[in-house]
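Listed below, chain by chain, are the residues.
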Amino acid sequence: MSSSFSAVRPLRLPPPCPHLAAYRSGGGTPLRCLHGCLCPRPSGRAEVRRDPGEVPRCASCPPAAARHGPRLYACLSCAAVSCRAHAPDHATLVPGHEIVLDVDRAELFCAACRDQVYDPDFDAAVVIALTSLSSSRLPPRPPEKRAKRRRVEYRSWAPDPNERAVIGQRSSPLIVQEGNASSTTTTTANSTTTTTSTSSPSSSVSSPSSLPWGLRGLNNLGNTCFMNSVLQALLHTPLLRNYFLSDRHSRYVCQQKDKKKGGSKEKSNVAEQKNPAGGSPPCLACDLDAMYSAVFSGDRKPLSPAKFLHSWWQHASNLASYEQQDAHEFFISILDGIHEKEQDQCKPCSNAGNGDCCIAHKVFSGILRSDVTCTICGFTSTTYDPCVDISLDLDSSQDPMKIATSKLQACKSKIESMLTSQCYGISTLRGCLEHFTRPEKLGADQKFFCENCQARQESVKQMSIRKIPLVACFHIKRFEHSLIRNMSRKVDRYLQFPLSLDMAPYLSSSILTARYGNRIFAFDGNDSDEATELASDLELFAVLTHSGNLEAGHYITYLRLNNQWYKCDDAWVTHVSESIVRASQAYMLFYVQKILYYKASQDVG
């Protein structure tokens, strides 16, 4: 064991915050005891516990202000809520009130240093709050329910002569594109007419009638490209698309249920707190269902998602502004909003991580496994955390690029130095996943309590993927925050990503086999290895990119339909080549399990 850990390089940690040390020694509330003030979100992350319908606001900002800042902080000493602009003023006026807590992310922040701080006791409190949900929530699914499920094989359908005649009389022309040429085929009951026009090899401005069914532009309502890019990916997620187009969530039925629930006085009071204008809060699933109906209606004009934006503002009031927001944060909040609404209407679920609560968790929910091993006795503590996405750090490739870099550094010319920086700035998605799942030695200030040694010991932590979701979302961390320089920047490093991805090397079963050998069997749950291996092959269908910097950027989504790539830039939808997609700066990657991909590249209908 020691030989495998000796290769791990120790981490270089920044100097500790003096205000955090003063808070710990000043007799304040122990940070480990704050787990009672935290609660897990449906996405698996922690936040500050609050009453239903309570909307935290900055105490220093005027009540009529439309914007209260993207972040709110609660003082650990007096529980005063302040925004990023007023938190330093509160710390200056009242000494000893420098340490605050992020309300939405449950992260410690020093208002005096204006930087994020870390504490192992607080991290333990967050882990306790998160694990209390998985250990105390709802019993596991009964095994007999699984036995009742049967596999339904996919069978292709071909119309008979009578059906073909009806289709010819009641259908519109169908557009088929092959390669770089767009081929317009008009099919009727008696004749077929084909028209072919060529386009440029890189991209082509597609007319609305030449786009696949359901591909429709979204108008920018004012710095809302982050919303349009995520909505384009969600609208063409195969399982979500089939769910809403088959009327599994009817907005009319949902509205009737809300009216029945609004009959009681208690629930009406809660609704008034959430929505002061009256009535129950809007249902994001209903608004998404309306968008599916509009996008797949056949209308090719760009759609304005104003109603969806207004509904999302009521769910995420702290982000209700026309400023540019983070697309990944918007994606998480959308899944949270759908889950909060649907879990009230569904039967009690066995576990949020198993994906049995709502359509958002059924599609995007997976499970991560975390193993913390004591370096003294070898005792391993294992925790399972549900997730709806996997955030990956950009890690430079260690293969031939570094060898080429070292050779280029010996040259003194400017051209070769430019090539050096370009070669060194290349990452791969597989390299990022290897970096995510490799063992990491925790620092001396992050010692965990070993149950076997009955003492705090140094340890090694390793992450792995316990369960792959049906649709895997990989979030690339392109926004970097430096503690030493006290500044933020965007990482413009190029990322190579494959169209087909094999997740088997990053599964818990593969990592445990490499660690312990083949002597251990059935060590990772009840799921069979065959089912896990079938689900490990993924296929790419959407790429969300970000261009620009932190202050001014733009989001674009590339969709893969019928094995062709389409660029969705707000209201403009164009056909592009695969090389343009690969050259983009990927920020979020959406993969679907290959066993379901036979429908992902097919038109609906």
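Residues numbered from 1 in each chain as written. Predicted model: local features only at pLDDT ≥ 70, side-chain atom pairs only at ≥ 80, totals over all residues. Heavy atoms only, no water.

Caption draft 1: Region of the structure containing the overall build of the chain. The secondary structure content of the chain amounts to 21 helices and 29 strands. Per-residue burial over the chain gives 43% buried out of 605 residues. Within the chain, residue pairs in contact and separated by at least 24 positions form 68% of the contacts whose partners lie at least 6 positions apart. Surface accessibility of the chain: about 32,500 Å² in total, with carbon and sulfur atoms responsible for 53%. (Helix = DSSP H or I, 4+ residues; strand = E, 2+ residues; numbered from the N terminus. Buried < 20%, exposed > 50% of the residue type's maximum accessible area, 1.4 Å probe, protein only. Contact = heavy atoms within 4.5 Å. Areas by Shrake-Rupley, 256 points an atom, 1.4 Å probe, with all protein chains shown as cover.)

Caption draft 2: Up close: the confidence of the model for the chain. Per-residue confidence for the chain gives a mean pLDDT of 74, with 68% of residues at or over 70. Contacts for the low-pLDDT stretch residues 174-204, under 50 throughout, to residues beyond four places or in other chains number 55 contacts. Throughout residues 265-279 the model reports pLDDT below 50, and contacts reaching past four residues in sequence, or to other chains, amount to 12 contacts. (pLDDT = per-residue confidence, 0-100.)

Caption draft 3: Molecular detail of the pairing of strand 26 (residues 553-561). Along strand 26, 7 of the 9 residues are buried, which leaves the element largely enclosed by surrounding structure. Hairpin connection from strand 25 (residues 537-548) to strand 26: 4 residues lie between these consecutive antiparallel strands. The turn joining strand 26 and strand 27 (residues 564-569), which pair antiparallel and follow one another in sequence, is formed by 2 residues; a positive phi near 55° is taken by Asn 562. (Pairing = 2+ DSSP bridges.)

Caption draft 4: Highlighting unusual backbone geometry. One non-glycine residue, Asn 223, adopts positive backbone phi at about 60°. Relative to the elements of secondary structure, Asn 223 occurs in the loop between strand 11 (203-204) and helix 7 (225-235). Look at Asn 223 and you get partly exposed, because its relative accessible area is 41%. One non-glycine residue, Asp 570, adopts positive backbone phi at about 55°. Within the element layout of this structure, Asp 570 appears in the loop between strand 27 and strand 28 (572-576). You can call Asp 570 buried: its relative accessible area is 8%.

Caption draft 5: Looking closely at the environment of Val 581. One can find Val 581 in helix 20 (residues 578-582). A relative accessible area of 1% means that Val 581 is categorised as buried. Measuring from C-alpha to C-alpha, the distance between Val 581 and Trp 565 comes to 7.8 Å, with 16 residues separating the pair along the chain. Apart from the residues lying within four places of it in its own chain, the contact partners of Val 581 are Phe 497, Val 543, Tyr 558, Trp 565 and Val 576.

Caption draft 6: Structural view of the nonpolar core. Phe 308, Trp 312, Phe 331, Phe 364 and Phe 590 are the most contacted members of the largest nonpolar core, which totals 60 residues. Core analysis: the next-biggest nonpolar cluster, separate from the first, contains 34 residues, Leu 368, Leu 433, Met 503 and Leu 538 among them. (Core = buried A, V, L, I, M, F, W, Y, C linked by side-chain atoms within 4.5 Å.)

Caption draft 7: Examining the side chain of Gln 325 more closely. Mapped onto the fold, Gln 325 is located in the loop between helix 12 (306-315) and helix 13 (327-345). At 3.4 Å, the side chain of Gln 325 forms a polar contact with the side chain of Ser 321. Here Gln 325 is in contact with Phe 226, Trp 312, Leu 319 and Tyr 555, once residues within four sequence places are set aside. (Polar contact = N/O pair within 3.5 Å; in protein donor to acceptor, adjacent residues only side chain to side chain.)

Caption draft 8: Structural detail: the sheet that holds strand 7 (residues 115-116). What the 5 strands build is an open sheet, ordered 4-3-5-6-7; its pairing is antiparallel. Each edge of the open sheet is held by one strand with a lone partner, namely strand 4 (81-83) and strand 7. Pairing geometry for strand 5 (residues 99-102) and strand 6 (residues 108-110), over 3 bridges, is antiparallel. Counted as the bridge partner of Val 100 is Phe 109 from strand 6.

Caption draft 9: Spotlight on helix 8 (residues 238-245). Pro 238, Leu 240, Arg 241, Tyr 243 and Phe 244 are the residues of helix 8 that are buried. Positive backbone phi, approximately 60°, marks Asp 247, located one or two places after helix 8.

Caption draft 10: Highlighting the sheet that holds strand 16 (residues 440-441). Judged by pairing direction, the sheet is antiparallel, and its 4 strands sit side by side in the order 13-12-19-16 without closing on themselves. The open sheet is flanked by strand 13 (380-387) and strand 16, the only strands paired with a single partner. As defined by bridge partners, strand 12 (residues 366-374) adjoins strand 19 (residues 459-467) across 8 bridges and the pair is classed as antiparallel. Bridge assignment links Ile 367 to a residue of strand 19, and that residue is Lys 467.

Caption draft 11: Broad picture of the environment of Ala 542. Within the secondary structure layout, Ala 542 lies in strand 25. On the basis of relative accessible area, Ala 542 is assigned to the buried category, the value being 0%. Other than its neighbours up to four places away in sequence, Ala 542 contacts Ala 233, Tyr 558, Leu 559, Met 588, Leu 589 and Phe 590.

Caption draft 12: Representation of the environment of Met 487. With respect to the element layout, Met 487 can be found in strand 22 (residues 487-490). Judged by its relative accessible area of 43%, Met 487 falls in the partly exposed class. A C-alpha to C-alpha distance of 9.4 Å links Met 487 and Asp 115, two positions 372 residues apart in sequence.

Caption draft 13: Focus on the side chain of Asp 371. Checked against the element boundaries, Asp 371 lands in strand 12. You can call Asp 371 buried: its relative accessible area is 1%. A distance of 2.9 Å separates the side chain of Asp 371 from the side chain of Arg 369, its partner in a polar contact. At 2.9 Å, the side chain of Asp 371 and the side chain of Thr 382 are in polar contact.

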